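Structural features, examined
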Amino acid sequence: MQETDLIIKGGKALLMDARNTLIENASIVVNNNDIVAIGDSKDIEKKYHAPKIIDAQNSLVMPGFVNCHTHAPMTCFRGIADDLELMDWLNNYIFPAEAKNVNKNLAYWGTMLACAEMIKSGTTTFKDMYIFEDETARAAKEAGMRCLVGEVLFDFPSPNVKTPAEGLAYTRMLLEKWKDDPLVNIIVEPHALYTCAPSLLSEAKKLADEFNAPVGIHLLENKAERDQLQEKFGKGAVSFLQDIGYLDEKFIAFHCVCLSDEDINTFAANKCKVVHNPASNMKLASGIAPVPDMLEAGVTVGLGTDGCASNNNLDMIKDMSLAAKLHKVARLDHTVMNAQTVARMATIEGAKVLGMEKITGSLEVGKKADIIIIGLNKPHLTPLYNEYSHLVYAASGADIDTVIINGKLVMENRQLLTIDENEVMQKVREIAVGIKESLKK
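Predicted model, so just to flag it, every value in this text is computed and none were measured.

Alignment of strand 18 (residues 400–405) against strand 19 (residues 408–412), held across 3 bridges, turns out to be antiparallel. Considered in strand 19, the bridge of Ile405 is made with Lys408. Between strand 18 and strand 19, which pair antiparallel and follow one another directly, the connecting turn spans 2 residues, one of which, Asn406, has a positive phi of 55 degrees. In the sheet, strand 19 pairs with strand 20 (residues 415–416) via 2 bridges, with the strands oriented antiparallel. Bridging across to strand 20, Met411 finds its partner in Leu416. Here strand 19 hands over to strand 20 after 2 residues, with Asn413 in that stretch at a positive phi of 55 degrees.

Let us now look at the packing of aromatic side chains. Scanning all chains against the criterion turns up 7 aromatic pairs. Ring geometry for Phe233 versus Phe240: centroids 3.8 Å apart, planes at 5 degrees, classification stacked. Judged by its relative accessible area of 9%, Phe240 falls in the buried class. Through a chain of ring-to-ring contacts, the aromatic side chains of Phe95, Phe154 and Phe156 assemble into a single cluster.

This brings us to unusual backbone geometry. The step from Asn311 to Asn312 runs through a cis peptide bond, and the omega angle for that step is 20 degrees. Here Asn312 lies in the loop between strand 16 (300–303) and helix 12 (316–331). A cis amide bond links Thr382 with the next residue in sequence, Pro383, at an omega value of -5 degrees. One can find Pro383 in the loop between strand 17 (371–375) and helix 15 (387–394). Backbone geometry at Asp83 places phi at a positive 65 degrees, although glycine is not the residue there. Phi at Phe132 takes a positive value of approximately 60 degrees, unusual for a residue other than glycine.

Definitions and cut-offs
- Along each chain, the written sequence defines residue order, and numbers are assigned to residues from 1.
- Side-chain atom pairs in this predicted model are given and counted only at pLDDT of 80 or more, local residue features only at pLDDT of at least 70, and totals for whole chains, interfaces and linings cover all residues.
- Just so you know, side-chain values use all the structure's heavy atoms and leave hydrogens and water out.
- Two strands are said to pair when DSSP picks up at least two bridges between them.
- Secondary structure elements follow DSSP: runs of H or I no shorter than four residues count as helices, runs of E no shorter than two count as strands, and numbering proceeds from the N terminus.
- The aromatic pairing rule takes the rings of Phe, Tyr and Trp, using the six-membered ring of Trp, and pairs them if the centres are within 6.5 Å, calling planes under 30 degrees apart stacked, those over 60 edge-to-face and the rest tilted.
- Note on exposure labels: buried denotes an accessible area under 20% of the residue type's maximum, exposed denotes more than 50%, and partly exposed covers the range between, all computed with a 1.4 Å probe on protein chains only.

So this is what it looks like as structure tokens:
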């Protein structure tokens, strides 16, 4: 009998592997942060023992969700500026509010609140872009979450840095400080083509290549941006990016609402990655990204919530449901973006977008134990005919009972184990008082 750290016993296991394997009465064995065995419970109990056994009967066990695009500290700005067009929202509300209020304290506590919200709705890995990202990394590490974070780079000053050179230096510091951390990973993140000069884009790419890090950028979020960039460059945004050497397997583009067929084929040829943000695109009336066409062309697409000022939540199950239904009604085709496709976008395909598919995104022996348990013994989840259908069309983030990240329990029976959520909520309420006062000035 082999001694291990943890066994999850008796649930339906949705592995999200290449075969979309479902095991009806599964046990998953965890030891030293890793999944060491998966199989029928009767077989597992003969070979393994653990001091901690979680009974997952009447539950769905699956990999945790991968939120491929968010701005975690913006939980502090949830609801301050809604029902606005993208550029009006950014330039007249968000950027001014950030300039007056964002500091290390806000970045840390806003991220802690985001981590609490994400864990409680089943996210185990998130990709972040914001300001003072060392604080975001610190908070995520304390919360026990896996993350890929990057300091947003602008041509103009941010609350953290005064110049593009300082932003690049801060990013270099992040790359060096968090190198080889088991949970925190770093990405280089110029904000967008309309906020970054070619010189900044070039230096950002050089830095990313030096550290073999990915590059992430907001791209073609709406038609106004597309037309602005066409006029600025005298060519399409994707053609410009190709000319400056950005398009490769480590390039991640957020939104991509206005990708043309030619752009999609270029992305596919260069193995670029895309993050779909349906809730944010709907709320800001940015448009509908041609995700079915991207998938058909072979582009890897993950799912993201975006930040709490443009979504206004971090619940990946809600975004799965939106993604599935948005494209059906847009195309008047009920077969596109089926439940299994969308569930994979929120797990293993998202991990591929972030370059983490070898360690997370599916339940497989040798991968890190990033696992969620969804209780099924509830009226809205009864009866059960298809696990993917229930996950995308019937479940909610509140159905997540237990979350394990890197082999460690971070939530059990809806109780957070790494975060004092009452303290975090109180700290953010105190920060919000200052934000409200600043909006009056």
